[in-house]
Amino acid sequence: MKAWILAGAACAALGVASTAIAQDVITARREGMRAEGRQMEAIKAVIDARGDTRPIVERVDTITGFYRDLQALYPVGSGTGQTRALPAIWSDPAGFEAARTNIVGALAVLRSAAASGDVAATAAAFNQVGAGCAACHRGYRAAAR
Ligand code: HEC
């Protein structure tokens, strides 16, 4: 009897702990997404000003690092709480992974364009990255609420 009570208490404590861990990972991915959004704005400012695109490479590398490791920020069980992540992330993992791979590929194109110093090519590649952000959000992020 006593063992059962202790086991129950341990399970309850574990439940609280895993909810806290899920919220940490949710906070990390949301902050990361916002940071990459700011990087994208900084890149856009250079393109709009028709500035030197070569320093953009470093920003692209930062963004790429985030999306390369994105899966780690979406563990099973992190779909509830302060999050707009849709259940499709876990029910359609192949689709989510394809959206992730797609943006990493688009970022590689942006990187070479920026490194070449060609503003028009950089602008075109930037738009493709933006389309990659939007495509994933359409399928895997809930509308703002
Ligand atoms: C592979 C899918 C995927 C890609 C690609 C993606 N996002 Fe997201 N993004 C999400 C999901 C899912 C959320 C919701 C996260 C949550 O609320 O837990 C999100 C949330 C966000 C948010 C809101 C963060 C907040 O404060 O809640 C911003 C801003 C954002 N993304 C920007 C971007 C930008 C910019 C890009 C492209 C450079 C991008 N995202 C690419 C899936 C993606």
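Residues numbered from 1 in each chain as written. Predicted model: local features only at pLDDT ≥ 70, side-chain atom pairs only at ≥ 80, totals over all residues. Heavy atoms only, no water.

## What about the packing of helix α2 (residues 56-68) against helix α4 (residues 93-116)?
Then comes step 1: At a minimum axis distance of 9 Å, the contact between α2 and α4 shows a crossing angle of 170°. Considering their axes alone, α2 and α4 lie roughly antiparallel with respect to each other. Note on element contacts: α4 touches α2 through R100, I103, V104, L107, L110, R111, A114 and A115, opposite I56, V57, V60, D61, I63, T64, Y67 and R68.
Then comes step 2: Looking at the contact of α2 with α4 residue by residue, the classes come out as 11 nonpolar, 1 polar and 4 charged. (Axes fitted to C-alpha atoms, helices over the stretch in contact; angles between N-to-C directions. Helix = DSSP H or I, 4+ residues; strand = E, 2+ residues; numbered from the N terminus. Parallel < 35°, antiparallel > 145°, perpendicular 65-115°, else oblique. Contact = heavy atoms within 4.5 Å. Nonpolar A, V, L, I, M, F, W, Y, C, P; charged D, E, K, R; others polar.)

## Some details on the packing of aromatic side chains
How two aromatic rings sit relative to each other is set out by the distance from centre to centre and by the angle between their planes.
Then comes step 1: Counted under the stated rule, the structure contains 4 aromatic pairs.
Then comes step 2: Taking the centre distance of 4.9 Å and the plane angle of 90° together, the rings of F66 and Y67 count as edge-to-face. A single burial state applies to F66 and to Y67, both of which are buried.
Then comes step 3: Measuring from ring centre to ring centre gives 5.3 Å for F96 and Y140, while their planes differ by 70°; the resulting arrangement is edge-to-face. On the criterion of sequence distance, the pair formed by F96 in helix α4 and Y140 in helix α5 (residues 119-140) is long-range, its members being 44 residues apart. Take F96 and Y140: they sit in the same class, and that class is buried.
Then comes step 4: Following the ring pairs from residue to residue traces out a cluster consisting of Y74, W90, F96 and Y140. (Phe/Tyr/Trp six-rings, centres within 6.5 Å; stacked < 30°, edge-to-face > 60°. Buried < 20%, exposed > 50% of the residue type's maximum accessible area, 1.4 Å probe, protein only.)

## Comments concerning the pattern of salt bridges
Then comes step 1: Counting across every chain of the model gives 4 salt bridges.
Then comes step 2: The residue D48 makes a salt bridge to K44 at a minimum N-O spacing of 2.7 Å. Residue D48 and its partner K44 are both found in helix α1 (residues 2-48); the two are separated by 4 residues, about one turn of the helix.
Then comes step 3: Looking at D48, the relative accessible area reads 53%, which means it is exposed. (Salt bridge = Lys/Arg side-chain N within 4 Å of Asp/Glu carboxyl O.)

## A word on the site of the ligand
Then comes step 1: Lining the immediate environment of the ligand, one finds 23 residues, of which M33, R34, C133, C136 and H137 sit closest.
Then comes step 2: The separation between an oxygen atom of the ligand and a polar side-chain atom of T83 is 2.6 Å.
Then comes step 3: A distance of 2.7 Å separates an oxygen atom of the ligand from a polar atom in the backbone of R84.
Then comes step 4: At the level of secondary structure, the elements contributing two or more residues to the shell around the ligand comprise α1, α4 and α5.
Then comes step 5: Here the shell around the ligand takes 6 residues from α1, the largest share from any one element.
Then comes step 6: Residue classes in the shell around the ligand are distributed as 13 nonpolar, 4 polar and 6 charged. (Near = heavy atom within 4 Å. Polar contact = N/O pair within 3.5 Å; in protein donor to acceptor, adjacent residues only side chain to side chain.)

## Description of α5
Owing to its 3.6 residues per turn, the α-helix aligns residues three or four sequence positions apart on the same side.
Then comes step 1: Taking 1.5 Å per residue, 22 residues should reach 32 Å; α5 reaches 31 Å between its end C-alpha atoms and fits that length.
Then comes step 2: For α5, the set of buried residues is V119, T122, A125, F126, V129, G132, C136 and Y140. When α5 is viewed along its axis, its buried side chains cluster within an angular range of 130° and face the same direction. The exposed set on the far side of α5, more than 90 degrees from its buried face, consists of A120, N127, Q128 and R138.
Then comes step 3: Two or three places before A120, at the start of α5, stands the capping residue D118, its side-chain oxygen 3.0 Å from that residue's backbone nitrogen. (Expected span 1.5 Å × (residues − 1). Arc of directions from axis to C-beta.)

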